[in-house]
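# Secondary and tertiary structure notes
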Amino acid sequence: KIRSSGLESSSFTMLGLGARLICILLFLNHLLCCGWYWIGQSSLSDTGFSWLDQEISADGLTYRDATSTFQYLTALHWAFTQMTPGSMAVVP
């Protein structure tokens, strides 16, 4: 057997499987994030309000008024909390 770096191929296989699992989880969280954002943007609400209408500052700024990057990262954070035992309250 020839080893160029001292690592066996099984180590690289496990590393590749781990990286693929992380990529799949990130992609699934991205899809869940986009779905959550779509629900917030759509008018599918019995109250007429969505999470985007929640105030995030004392001067009345809402998630809807925030930048799209902030909205995406908030939705992504919510998506991550749905796949972990943690929770998230969408408040300032």
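This is a predicted model, so every value here is computed, not measured.

### Here's the deal with the overall build of the protein chain
Along the backbone of the protein chain there are two helices and zero strands. Counting across all 92 residues of the protein chain, residues that qualify as buried make up 21%. Sequence-distant contacts in the protein chain: of pairs separated by 6 or more residues, those separated by 24 or more amount to 39%. When the accessible surface of the protein chain is summed, it comes to about 6900 Å², and 66% of that surface belongs to carbon and sulfur atoms.

### Considerations on the nonpolar core
In this structure, C33, W51, L52, I56, Y63, A66, A75, L76, W78 and A79 together form the largest nonpolar core, which totals 10 residues. Ranked by residues supplied to this core, first place goes to helix 2 (residues 68-82) with four residues. When near neighbours in sequence (up to four residues on either side) are disregarded, A75 contacts C33, W36 and W51.

### So, helix 2
Counted at 1.5 Å a residue, the expected span for helix 2 with its 15 residues is 21 Å, and the 21 Å between its end C-alpha atoms agrees. Taken together, the buried positions of helix 2 are Q71, T74, A75, L76, W78, A79 and T81.

### Digging into the packing of aromatic side chains
Tallied over the full model, the rule gives four aromatic pairs. Look at Y63 and F70: their rings are 5.9 Å apart centre to centre, the planes differ by 15 degrees, and that puts the pair in the stacked class. For F70, a relative accessible area of 39% translates into the label partly exposed. Taken together, W36, W51, Y63, F70 and W78 form an aromatic cluster joined through their ring pairs.

About the thresholds
Positions within a chain are numbered from 1, following the residues in the order the chain's sequence is written. With pLDDT at 70 or above as the cut-off, local features in this predicted model cover only qualifying residues; side-chain atom pairs require 80 or more to be listed or tallied, and sums for whole chains, interfaces and linings still use all residues. To get the side-chain values, take all heavy atoms of the structure and skip hydrogens and water. Segments assigned H or I by DSSP are reported as helices when at least four residues long, segments assigned E as strands when at least two residues long, and all are numbered from the N terminus. The buried label goes to any residue with under 20% of its type's maximum accessible area, the exposed label to any with over 50%, and the partly exposed label to all in between, with areas taken from a 1.4 Å probe on protein chains only. Residue contacts are defined here by distance: any two heavy atoms, one from each residue, within 4.5 Å place the two residues in contact. Here the accessible surface of atoms and residues is derived via Shrake-Rupley with a 1.4 Å probe, and residues count as covered only by protein chains that are part of the display. For the purposes of this section, nonpolar cores are sets of buried Ala, Val, Leu, Ile, Met, Phe, Trp, Tyr and Cys residues that join through side-chain atoms within 4.5 Å. Given a helix with a known number of residues, its expected span is that number minus one, times 1.5 Å. Only Phe, Tyr and Trp rings take part, Trp by its six-membered ring, and two of them pair if their centres are within 6.5 Å. Stacked means planes under 30 degrees apart, edge-to-face means over 60, and tilted covers everything else.

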